[in-house]
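This is what each chain is made of:
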There are 2 protein chains.
Amino acid sequence: MNDKFVYSFGGDYTEGDASMKNLLGGKGANLAEMIKIGVPVPPGFTITTATCVGFYENQSKYPDGLEDQVRAALSKTETSMNKGFGSDSQPLLFSVRSGARVSMPGMMDTVLNLGLNDETVKGLIAGSGCARFAYDSYRRFIQMYGNVVLGIEGGKLEVLLEKAKEKKGVELDTELEADDLKQLVIDLKIRVKELTGNDFPDDPYDQLWGAISAVFDSWNTKRAETYRRLNSIPDHWGTAVNVQAMVFGNMGDECATGVAFTRDPSTGDNLFYGEFLINAQGEDVVAGIRTPQPINEVGRQDSELASLETVMPDLYKELVEVYKKLEKHYCDMQDLEFTIESHKLWLLQTRSGKRTVKAAIKIALDMVAEGLIDKQEAIIRVEADKLDNLLHPTLDPDADKNLLAKGLPASPGAACGEIVFNADEAETLSADGHKVILVRAETSPEDINGMNAAQGILTSRGGMTSHAAVVARGMGKCCVAGCGAIVVDYNKNTFKVGELLFNKGDIITLDGSTGEVFSGKIATITPQLDSDFRTFMSWADEFRKLKVRTNADTPHDAEVARDFGAEGIGLCRTEHMFFEEERIKAVREMILADNLAGREVALAKLLPEQKSDFIGIFKAMDGLPVTIRLLDPPLHEFLPQNDKDIEELAEIIGVPLAALKERIDALHEFNPMLGHRGCRLGITYPEIYAMQVRAIIEAACEVAKAGGTVIPEIMIPLVADVNELKFLKDRSKTICDKIISASGIELDYMIGTMIELPRAALTADVIAQEAEFFSFGTNDLTQTTYGLSRDDAGKFLSEYTDKKIFANDPFVSIDIDGVGALIEIGVTRGRTTRPNLKVGICGEHGGEPKSIAFCHRTALDYVSCSPFRVPIARLAAAQAALADN
Amino acid sequence: MNDKFVYSFGGDYTEGDASMKNLLGGKGANLAEMIKIGVPVPPGFTITTATCVGFYENQSKYPDGLEDQVRAALSKTETSMNKGFGSDSQPLLFSVRSGARVSMPGMMDTVLNLGLNDETVKGLIAGSGCARFAYDSYRRFIQMYGNVVLGIEGGKLEVLLEKAKEKKGVELDTELEADDLKQLVIDLKIRVKELTGNDFPDDPYDQLWGAISAVFDSWNTKRAETYRRLNSIPDHWGTAVNVQAMVFGNMGDECATGVAFTRDPSTGDNLFYGEFLINAQGEDVVAGIRTPQPINEVGRQDSELASLETVMPDLYKELVEVYKKLEKHYCDMQDLEFTIESHKLWLLQTRSGKRTVKAAIKIALDMVAEGLIDKQEAIIRVEADKLDNLLHPTLDPDADKNLLAKGLPASPGAACGEIVFNADEAETLSADGHKVILVRAETSPEDINGMNAAQGILTSRGGMTSHAAVVARGMGKCCVAGCGAIVVDYNKNTFKVGELLFNKGDIITLDGSTGEVFSGKIATITPQLDSDFRTFMSWADEFRKLKVRTNADTPHDAEVARDFGAEGIGLCRTEHMFFEEERIKAVREMILADNLAGREVALAKLLPEQKSDFIGIFKAMDGLPVTIRLLDPPLHEFLPQNDKDIEELAEIIGVPLAALKERIDALHEFNPMLGHRGCRLGITYPEIYAMQVRAIIEAACEVAKAGGTVIPEIMIPLVADVNELKFLKDRSKTICDKIISASGIELDYMIGTMIELPRAALTADVIAQEAEFFSFGTNDLTQTTYGLSRDDAGKFLSEYTDKKIFANDPFVSIDIDGVGALIEIGVTRGRTTRPNLKVGICGEHGGEPKSIAFCHRTALDYVSCSPFRVPIARLAAAQAALADN
């Protein structure tokens, strides 16, 4: 058998490189690559993924030749390290890790210190000069091996450690001395025998083969299988095994260990940045027991501690050379782990460093200037979703926090203020200069003014697309929704979290980016959009194909969005305009009128109001298209629902209470989402849409006459059948054309439709005969495609994601298999009829990167999202376009 | 130009025949065909549909040669009738009618007596010997022509007739004399001139060309266009024009007119059956002013009046020959109109005669025996939907009726009884021997026992697929739903219709086939399924490919359906079983338990009950498959909703009222249809499905052990994602296999899913990896595809069908373009994964003929419908199969 199963690396030799990820796994290929470019990495070898696959195909037997190849590679490693595997003087120890093509939870992680036994431990004592260290390593090895390789439940061995401490009367592991640990090793081995029936393997080779088998076996655990299924990773990929020499930073004062970033991960400044400890293990640096020392003078600042640059100048110099080499090689900011064993520098790991979004942008811009990467690469480097952090206030990371409860991160940003339970009160208090947080079980359209006045919104019910969440995102206002731990009592003006009681006026703080709710005031940091941001976004705009519009219902929102780069309004909801005090009266009068004449009187009062709304929006969006959706929600949403409010209304409008109740009762719906709303209202009450269309076109004519450029697009919601659209379009066109011709100016306008019902997507070819544009309303389309109410799904959707039944919340990221299939059908069929049909998306998904990538692939013309997500959408659209290549 | 535009017919010549429908239109081809087989039809000619199309293509100009061909054909007609067009002695008059390939509303109907003017009317007086008749014909012609050809609104001419009567001080048209009518003709012509600016055309040729143009123009009216669009009739078909000589049955005692059926339309008996009047017009026979005479002695029975057979034996003999010829030619029972003008018999029309379903079956069977038609044709002849009338009681057609109001014909049949407003009372009264009608605003699952006990159900709210309608159809019980005119007051135990008040105990009668509600008792007729019916149905079974199953939840329903020919149960809903007194207690206990242990205690009480249900059903369906759907509705449906009932429940179960209310409140959903139901319950409360699966399989094992053949199919509802199904199927299989293996018998079972959400259809290929069968739940699929709640749609759906926005109610007949497209996708994708996948449909549509035809075309394996629709489905399935050829 001539197959090559094992690839060695170390010193100045390597058989693999970064291109061999499929065969060596991600980790193995990367280790080989580092050696290749001359970075000092502890030597070792990788057993290929193909060996793993063969192992399974061959009834879990190792292929002929594997053992020989492993022995040869091992001996090469011994030579490289000048140590011996199983030696009692210079023992070579190994780490063993799995390494698939992509990192996979559920796979075996790591066994460290493999090779220790009662003989080799002596060599470790000699080398380190510290028996405690050696026995601690030994007992850790037994526990780790027992757990990971022998399958013993972790707690069953851990308990012996606890007993040892109990016996000695101490509390910390570090208080156990060498002899205690030596005894613990003995006890652990006895327990392993009791639990497994076998002696703990003393022979290092047995240990090694046991670990290799454990890696292979971990490929087929339930957890790994589930992960592969959910992430479409084929079973036949297999995993590689990485066996690598251990090095120790804690074998004396010539040893050290540290972590470093090649640039500042917080600001992105091009400064080498890191920390280290003399005579320490890697975990000590981050554990916070000893204060780590700065790696160099530039990073020392006020620190009293000596830097590596000063303490070990030659090694520091070597490290600088290595980091420059690595950054140049990987063309990205690196996060390094290094160990110095007996004055020799080893790199244990290099990987792209995590960074704040601010740093990500700075580094990307700098690296383009340095010629390390091109603009395209710069665009790809910044996570679109993270831009959010730049646009909203954030909590001061250094402040003390008192976490109360956690809800859904419904709308990002941070806010603190006094608790209020009532929208009107929020408005009043805010007008008086108070900062308030509006706390509700759920919000309704009547609460909008209060939401607008509040710093943030907290609800105990509803999901990521509940009313509160959607409206808050539109406003760019912090919101934590569906925080079930909070029990609101409107009567007492209190809420409870467990036994804790909060009253009106108490201060709380929300983090809408994490869903966290804190008691008390926490300082927030206000964001600044700097020139780096603007430069970076302008690069994104060079590459994207998708246009980005915004969902905005007010001139203010439109202006904010335009400043964020919105290229028009994709969804202007007209119903939010109906809730102002004077208007809601007229709206209710219209709803409660029992004949056409009565409705028309009420609508006549609304006409000038609507018109002035549109004038403001058209002005704010001068020169850009504005898509206005005609009235969508069912009429009962505009009527009060509780007895007190109904009584009040009856008095105001002078209608007998019984009659009012009867009318409200008649408007009640079992499933309002599937009820008398959208174009269905337009068909049964054509006068409502007639008023809205008139307001839009009169406003457009007025702004155009004053020299503005207006591009109005009238959108009919909830169309299921082309005849609905035709009926409403014909009537609307008549009104529009009459107004335009009377105005004496030229004005182009379009009439199109939402595609938000499966039937509309399925019959898009016919609908496109009438529709001049399509806009996918993916919120409702998701609800109907799944048969799932977003208002009700919150109660069980988390269980669905927990049980891995849904990979994602389909209200957050477009469900590509179902909803996406309908969108594809809709686009394809629509363009069969009308090849240049303009198609966009205006659901919540329009601001979510994965969904935006889907929209790009599906050849949509634009996405539309809430103002604060416009930059995210611009970047995500550019990334999607770059992914085509 | 050599094109032939005009086809003549009459006497012994004809240029067309029945095969030329595309060119001559339906009516023209049929007139030609009758002449061809030697039936005496008034002569005339047909202008082709191609002429109409050319007319439009050529800017509404007649083609060269048309005028000459019309003149030639006209002259041929004159010769044949021995009369002259425009003659003042023997004037030939014409009828002019449109005639497209298919009959089309919106097209010009008829102009009669064309050719009359001040000269030709003299000839008509001479011929008939009656000036009044002649002038009445004349003024009718002017009105008809003015309206239909000149486009004058009908009322504007009619008013002159009213004035004439007013002037003379009479009330009836017949009271006007010849001179009055003569003056009316003058007045009408003056008015025509005033209204149109032109003289009424006196020249018969001008009249003729005007009428021809009017027919052509009527092809492009708005109404005709809409009709074509809705019925997919291409615009380029065009219409033909039929010009036919008028004959008169009212020109003296040698004249007569009559109508006849070639067989008895009520019983189907092979007897010539008809009525006639001497010296009368066709409309007099049906108008009821004079009592018509029987056409023959066999039909004379007790009549004092002489039959045609006696009065004009030679003409009767000729008529008999004609009818036999026609019936033999058309191979169907014919409905004839004839006129005898001056002792000459003319057939004016023959068409397939309308008949009762009983007659339809009898005639079909007889005609097969007579060799006139084959079995296939017999099957096609009977309208499947009409079978309903054979299966349910009907109202005595001769009884006096007092119509109160009209609702939806929700479940066919007739019933009368005392009004009750409460389900429990219905049960009690019924147990005491009362016949009751349950009257409710709407029904809920708690009302089932009362519905079952009642003779019929009347609701004031809800549509054709409301709870009341669906359950009543399942029970085969008469139901009128959504009868909005009825205002129920539960507090007073009354309902009002307008000002009429009805109390508990008052008697009303319902006709569920028409939706009519009557006051008082009306006799009903109980149906009998005779051997004709059984023979006929057995023929249908020979041809159909689709299996027919039933939706049945009880052994009784299963037995009824099996007697009607059901081949298994396609949908057994388990939730209806939960409402019996003892069970609902346990169900509520389960719902209100706040932990798993509590729920399991309650479920343990339900297990034996469910098991005994299934044992009964399996026994009733011995040897046939039984598909059982696991719990589907949201839990709140099992809890009381009004305060009184909640208080009662709190007391019974010993839970504090506030706690109970809180729990009910927590279960409240905004859109229950899209909420926590179906498999979503199974996933959050696996113990519920576990109990049901256990009950099913334990029952199956028990029945199988006792020698029965059980084919259980477990159906998981509301699956949107394959992972839901996999989760539940894995758990269910474990339970099933354990029970079966413990029982020691062999039992095959399947686990499949409803496809009732768009996403399930779209991802059917993946779902079929787990599903062993599919059953399309078209009720929910229609709701989600349209985004339309069937419970709420009633409020505006009628407006949609009125405005022709929806051609059909999609809850009644499958929406082929939308829902149908998803079904096709589902079937195709499902069978890609699993080629032999069994696919059925179990929504309400499973019993509707057009939907059944769709299911056949889409290669479903079976349809499932309520027991009383099983025969309809069998017949419709056979007709669909025959339509393949």
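Residues numbered from 1 in each chain as written. Chains lettered and ligands numbered in written order. Predicted model: local features only at pLDDT ≥ 70, side-chain atom pairs only at ≥ 80, totals over all residues. Heavy atoms only, no water.

1. Observations concerning the overall build of chain A
Step number 1: Along the backbone of chain A there are 34 helices and 32 strands.
Step number 2: Put simply, chain A has 885 residues, and 57% of those count as buried.
Step number 3: Surface exposure of chain A reaches about 35700 Å², of which carbon and sulfur atoms provide 48%.
Step number 4: Looking at chain A, you have 94 positive and 132 negative side-chain charges, and the mean spots of the two groups are 3 Å apart. (Helix = DSSP H or I, 4+ residues; strand = E, 2+ residues; numbered from the N terminus. Buried < 20%, exposed > 50% of the residue type's maximum accessible area, 1.4 Å probe, protein only. Areas by Shrake-Rupley, 256 points an atom, 1.4 Å probe, with all protein chains shown as cover. Lys, Arg positive; Asp, Glu negative; His and termini not counted. Charge placed at Lys NZ, Arg CZ, Asp CG, Glu CD.)

2. Looking at the state of the cysteines
Step number 1: Under the definition given, this model contains 0 disulfides over all chains.
Step number 2: Looking at the unpaired B:C255, the closest cysteine sulfur is the one in B:C130, lying at 12 Å. (Disulfide = S-S within 2.5 Å.)

3. Considering the packing of aromatic side chains
Step number 1: Counted under the stated rule, the structure contains 46 aromatic pairs over all chains.
Step number 2: Aromatic pair A:Y62 and A:F216: ring centres 6.3 Å apart, planes at 50°, arrangement tilted. In this pair, A:Y62 is assigned in the loop between α2 (49-57) and α3 (66-81) and A:F216 in helix α8 (residues 204-218), connecting sequence segments 154 residues apart.
Step number 3: A relative accessible area of 26% means that A:Y62 is categorised as partly exposed.
Step number 4: Relative to B:Y56, the ring of B:F55 lies with its centre 5.7 Å away and its plane at 75°, an arrangement referred to as edge-to-face.
Step number 5: We classify B:F55 as buried; its relative accessible area is 3%.
Step number 6: Pairwise contacts between aromatic rings join A:F55, A:Y56, A:Y62, A:W209 and A:F216 into one cluster. (Phe/Tyr/Trp six-rings, centres within 6.5 Å; stacked < 30°, edge-to-face > 60°.)

4. Looking at the interface of chain B and chain A
Step number 1: Of the residues lining the interface, 53 residues belong to chain B; the matching set on chain A comes to 54 residues.
Step number 2: The three residues of chain B that bury the most area against chain A are B:F670, B:L674 and B:R759, which together make up 14% of that side's buried surface.
Step number 3: Joining chain B to chain A, the criterion identifies 4 salt bridges.
Step number 4: Among the salt bridges present, the one from A:D665 reaches B:R461, with a minimum N-O distance of 3.8 Å.
Step number 5: Taken together, chain B and chain A are joined by 30 residue pairs in polar contact (both at pLDDT 80 or more).
Step number 6: If you list the elements that add at least two residues to the side of chain B that touches chain A, you get α9 (222-230), α24 (657-667), α25 (679-684), α27 (722-743), α28 (758-762), α30 (778-786), α31 (790-802) and α32 (816-833) of chain B.
Step number 7: At 6 residues, the largest contribution of residues to the side of chain B that touches chain A is made by α31(B).
Step number 8: For the side of chain B that touches chain A, the per-class residue count stands at 23 nonpolar, 13 polar and 17 charged. (Contact = heavy atoms within 4.5 Å. Buried area = accessible area lost by both parts, 1.4 Å probe. Salt bridge = Lys/Arg side-chain N within 4 Å of Asp/Glu carboxyl O. Polar contact = N/O pair within 3.5 Å; in protein donor to acceptor, adjacent residues only side chain to side chain. Nonpolar A, V, L, I, M, F, W, Y, C, P; charged D, E, K, R; others polar.)

5. Structural notes on the pattern of salt bridges
Residues and elements named next belong to chain B.
Step number 1: One pass over the full model with this rule turns up 118 salt bridges over all chains.
Step number 2: The salt bridge partner of D235 is R228, with a shortest N-O separation of 2.9 Å.
Step number 3: On the basis of relative accessible area, D235 is assigned to the exposed category, the value being 54%.
Step number 4: Residue class for R228 comes out buried when judged on its relative accessible area of 1%.
Step number 5: One salt bridge in this structure joins D332 and R355, with 2.9 Å as the shortest N-O distance.

6. What about the packing of α3(A) against α8(A)?
Residue and element names in this part refer to chain A.
Step number 1: Packing of α3 against α8 leaves a shortest axis separation of 13 Å and a crossing angle of 115°. When you trace α3 past α8, the crossing you get is right-handed. The segment α3 lies against α8, with L66, E67, V70, R71 and L74 engaging Y205, L208 and W209. (Axes fitted to C-alpha atoms, helices over the stretch in contact; angles between N-to-C directions. Left-handed = near helix turned anticlockwise from the far one by under 90°.)

7. Considerations on the sheet that holds strand β19 (residues 486-489) of chain A
Residue and element names in this part refer to chain A.
Step number 1: Strand order in the open sheet made by the 3 strands is β19-β20-β21, with antiparallel pairing throughout. Two strands bound the open sheet, and with one partner strand each, they are β19 and β21 (500-503). The average angle at which neighbouring strand axes cross in this sheet is 25°, direction not considered.
Step number 2: Looking at chain direction, β19 and strand β20 (residues 494-497) are connected through 4 bridges and run antiparallel. The residue bridging V488 from the neighbouring strand is F495, located in β20. (Pairing = 2+ DSSP bridges.)

8. What about the nonpolar core?
Step number 1: Formed by 292 residues in total, the largest nonpolar core has its most connected members in A:L387, A:F618, A:I697, B:L387, B:F618 and B:I697.
Step number 2: It is helix α26 (residues 686-705) of chain B that provides the largest number of residues to this core, a total of 12 residues.
Step number 3: Each residue touching A:L387, except ones within four places of it in the same chain, is listed here: A:V357, A:I361, A:V382, A:F533, A:M537, A:P871, A:I872 and A:L875. (Core = buried A, V, L, I, M, F, W, Y, C linked by side-chain atoms within 4.5 Å.)

9. Quick notes on the pairing of β19(A)
Each regular strand displays side chains that alternate between the two surfaces of the sheet.
Step number 1: Burial along β19(A) is one-sided: A:I486 and A:V488 are buried, while A:V487 and A:D489, pointing the other way, are not.
Step number 2: Hairpin connection, β19(A) to β20(A): the antiparallel pair is bridged by 4 residues, and A:N493 has positive phi, about 55°.

10. Looking at unusual backbone geometry
Residue and element names in this part refer to chain B.
Step number 1: The backbone phi angle of N113 is positive, close to 60°, even though this residue is not glycine.
Step number 2: With respect to the helices and strands, N113 occurs in strand β5 (residues 110-114).
Step number 3: Positive phi outside glycine occurs at K804, with the angle close to 60°.
Step number 4: Tracing the backbone through its elements, the reader meets K804 in the loop between α31 and α32.

11. Considerations on the relation of the copies chain B and chain A
Step number 1: When chain B is fitted to chain A, the residual RMSD is 0.4 Å, and the transformation amounts to a turn of 179° plus an axial shift of 0.0 Å. Taken together, these values place the two copies in the relation of a two-fold axis. Proximity to the rotation axis, assessed at the C-alpha, singles out B:N671 in chain B; its C-alpha lies 2.0 Å from the axis.
Step number 2: Interface overlap between copies is the fraction of interface residues in one copy that are interface residues in the other; for chain B against chain A it reaches 100%, indicating a shared surface. (Least-squares fit on C-alpha atoms with pLDDT ≥ 70 in both.)

12. Topic: the side chain of B:T550
Residue and element names in this part refer to chain B.
Step number 1: By secondary structure assignment, the location of T550 is in strand β25 (residues 547-551).
Step number 2: Its relative accessible area of 0% is what places T550 among the buried residues.
Step number 3: Leave out the neighbours within four places in its chain, and T550 touches A561, A566, G568, I569, G570, L571, M621, S864, C865, S866, P867 and V870.

Just geometry here; none of it tells us what the structure is for.
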